[in-house]
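Observations on chain architecture
Take a look at the letters that make up each chain.
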Amino acid sequence: MQHTFIEILRRALDEELARDAAVYLVGEDVAAGGAFGVTRGLAQKHGTARVRNTPISEAAITGLATGAALCGLKPVLEIMFIDFATLSMDCLVNQTAKYRYMSGGQLAVPLVVRTQAGAAGGAAAQHSQSLEAWFIHVPGLVVVAPATPAEAYGLLKSSIRLGEPVLFVEHKRLYTMKEELAEDAALPPIGRARIARPGTDVTLIAYSAMVQTALEAARELADAGISTEVIDLRTLLPLDMGTIAASVSKTHRALIAHEAVLNGGVGAEIAARIGAELFDELDGPVNRVGCPFAPIPFAPELERALLPGSADIVRAVREMME
Amino acid sequence: MPQVAQAIPKIGLVMEEVKVVRWLKTVGDSVVAGEPLLEVETEKSVVEIEAAATGQLTEILVHAESVATVGDQVAWIESAEARVAGTSAAAPRSTDPQNPAPTPATAVPAARDGERIRSTPVARKLAAERGVDLGAIAGTGPGGRVQLDDVQRAIDARRAVAPAAEPLSSMRRALARAMTLSNATIPQFTVSSSVEWTELNVLRGEFSARLPADSPKLSVNDFLLQAIARALMEFPALNATFSGDPESADARIESAKGAHIGLVVAVDNGLLVPVIHGVEQLGLAEIARRRQDCVRRGLKGRLKREELDGATFSISNLGAQGPDRFTAIINPPQSAILAVGRQRDCVVARKGAVVVRPLSDLTLTVDHRVADGRLASRFLARLVEILEGRDWRLK
């Protein structure tokens, strides 16, 4: 039986609440189900002490969750829209990410910050951004961005059990995607990418919803006789260069695709590392597909025009293969 | 630009005359100091002579099939930098008006110097590995960039047009000559024995643990080298070389001072036999260090001439993937070679019981002009005794 991304996230949270008494959910409206209904029904089942509503202050609730984690709980904080994680950043960057280091390893912050990113149809410039690259600049944080419902289930559980501060980035456009959940699947490790589709001619590196776009492009490219290997990064920090190296050493061509703007993006980091570490394997420049350097427009037509799609990836790969 | 003389360097101890086998470059070709320029034949082997300078080959003075003496000038290289390779003599060419510099016979290709060939890193890597000239490939990438596929096509094309019968590489030629000489002139016989490795396998672990972490790991070959050196010292009659025609009064058996042992190393389309000198004076750690050093340099083609000479005995060990047993042919002018079969578990009788032990078959090939069956079998028995014993020198 297939379940949506939202239902599968809810199940993962429900099971972790039942498994470990230190786990609790906190955030704006979470007791009422959250803005997208991910936590619906969990307050009734586990009590409002463990599924707690908060005032609308991302700065305050990130501090609260960090303090709770320092004191031994395992909070799962929901920041409604990554756009407002900007308000959490002082705490996340200067406190949450630093405690383990500055205490000489005596303190740990087992905190998962769930947040929604990406454009999903007319949410405009302040509710559509992909800001994950800001966080991969911070030593001490882990950044996870799942690409499918089943991946999200395992990665969320692994994140909760990791014992480190994790930013867990959910793409709003994936929320309605349905997938079957294998009942006895092993939990995916944090920090390890996966091959979403094997191929031999070009390596296409993506994460989050862009993995689906990349797979769509790969199917189209296969019809044109181009074999594309799609890597789903799963974890953006730390980056799994081993999987990337193995693939690029085979295909000798790399393209990174993400929905975020190209400037200073995750793709820039990966391209630089491929250039430095895999120079002798390259048969052409490393390319990137991403959003033009502009705010996401409100008008749906303009939003569609701006967002990178499978046609952009196909075009980029064809140019690389010429 | 100054002209640099290309001379024939002294290669072997006894070498005086060489025959030019072939020129690897023609007049007008550009050459790089240190790259093979011509092949000459000595009494021992065919040897490549390296270019003395970087520049353009302007004149060949001694052509193929002609004979030259060590020190003779054989060509002129016009060089901007007049950089001189260590092995060759060079002198600026006198500008004699009676004897003007000849014009190159063939057209000089348009100077590519300084012109960068647009190519991808992996294409350059493959081209370098396979000896393909990037400049000769038409790139199909953006702006004529040479890509991996272009290099691959050039390699495939070369393979397609390559004739079924190819001239020998100089290594293959030297090998063919040495083996033909061996088989034609040396009466060879073999004796075999098996050796048990139980004790040695344990000691190898113990010794390795006692060595500093940065020392090379001890291999079975290191133990073989030390054991053979010791046995050769105990049987000096086998540590010798035969020279001259047996019919003539000049025939000699010359004893060697010290144990100089060759180790056969397989390389692409051939083999090398680097020689470790004075093994009888070395501990296992030093043997391992020298063995690793000369094998590594041998694989890169960086062995000096004297490191391939002077042995009386060689080891051929085809390793864990090798055959159970085999016979090797003597590498002249040596007088023996030990072929080491792979180590394998065998059912054997020990003290009346059937047990399983790690064994190898050793096959010793001996020059019958130098030694006889009884000496060879006693030598081999002693070698097995040393290999199965605990008397080793580590440092």
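For the structure itself, look to the data block above.
Residues numbered from 1 in each chain as written. Chains lettered and ligands numbered in written order. Predicted model: local features only at pLDDT ≥ 70, side-chain atom pairs only at ≥ 80, totals over all residues.

Section: the interface of chain B and chain A
Residue-level contacts link nine residues of chain B with eight residues of chain A. Of the residues forming the side of chain B that touches chain A, the biggest block, four residues, is contributed by helix α1 (residues 121-130) of chain B. Classifying every residue of the side of chain B that touches chain A by side-chain character gives five nonpolar, three polar and one charged. (Contact = placed C-beta atoms within 7 Å. Helix = DSSP H or I, 4+ residues; strand = E, 2+ residues; numbered from the N terminus. Nonpolar A, V, L, I, M, F, W, Y, C, P; charged D, E, K, R; others polar.)

Points about the sheet that holds strand β5 (residues 112-117) of chain A
Note on sheets: strands pair through backbone hydrogen bonds, and any given pair is parallel or antiparallel. Residue and element names in this part refer to chain A. Judged by pairing direction, the sheet is mixed, and its seven strands sit side by side in the order β3-β2-β4-β5-β7-β6-β12 without closing on themselves. With partners counted over all chains shown, the strands left at the sheet margins are β3 (51-53) and β12 (235-237), one partner each. Each adjacent strand pair in this sheet contributes to an overall mean axis angle of 20 degrees, direction not counted. Relative to β5, strand β4 (residues 74-79) runs parallel, the two sharing four bridges. Among the inter-strand pairings, E78 is bridged to a residue of β5, identified as R114. Contacting β2 (23-27) and β4, helix α3 (residues 58-70) runs over the sheet at an angle of about 165 degrees to β4. (Pairing = 2+ DSSP bridges. Axes fitted to C-alpha atoms, helices over the stretch in contact; angles between N-to-C directions.)

A few points about the packing of α1 of chain B against helix α2 (residues 148-161) of chain B
All names here are of chain B. It is at 8 Å that the axes of α1 and α2 come closest, and there the two elements cross at 20 degrees. Considering the angle they form, α1 stands roughly parallel to α2. For the pair α1 and α2, the sense of crossing is right-handed. For the pair α1 and α2, contact is made by V122, A123, L126, A127 and R130 and by L148, D150, V151 and I155, respectively. Of the residues assigned to the contact of α1 with α2, the class counts are seven nonpolar, no polar and two charged. (Parallel < 35°, antiparallel > 145°, perpendicular 65-115°, else oblique. Left-handed = near helix turned anticlockwise from the far one by under 90°.)

Regarding helix α3 (residues 170-185) of chain B
All names here are of chain B. With 16 residues, α3 should reach 22 Å at 1.5 Å per residue; the first-to-last C-alpha distance of 22 Å fits that figure. What α3 keeps buried is the set S170, A174 and L175. Viewed end-on, α3 has its buried residues packed into an arc of 140 degrees, placing them on one side of the element. Facing away from the buried side of α3, by more than 90 degrees, are the exposed residues T180, N183 and A184. On its buried face, α3 sits against β4 (36-41), β5 (46-50) and β14 (270-272). (Expected span 1.5 Å × (residues − 1). Buried ≥ 20, exposed ≤ 12 C-beta atoms within 10 Å, placed from the backbone. Arc of directions from axis to C-beta.)

Section: the environment of E281 of chain A
Inspection of the secondary structure puts E281 of chain A in the loop between α10 (266-277) and β14 (287-291). Classification of E281 of chain A by C-beta neighbours within 10 Å gives buried; the count is 21.

Describing the pairing of strand β17 (residues 336-340) of chain B
Residue and element names in this part refer to chain B. By the criterion of burial, β17 is predominantly enclosed, with five of the five residues buried. Judged by which residues are buried, β17 turns out to be covered on both faces: A336, L338 and V340 on one side and I337 and A339 on the other are all buried. Where strand β16 (residues 313-317) and β17 come together, five bridges link them in parallel fashion. Along β17, the bridge assignment pairs F313 with A336. One ladder, built from five bridges, connects β17 with strand β19 (residues 353-367); its direction is antiparallel. Counterpart to I337 in the pairing with β19 is T365.

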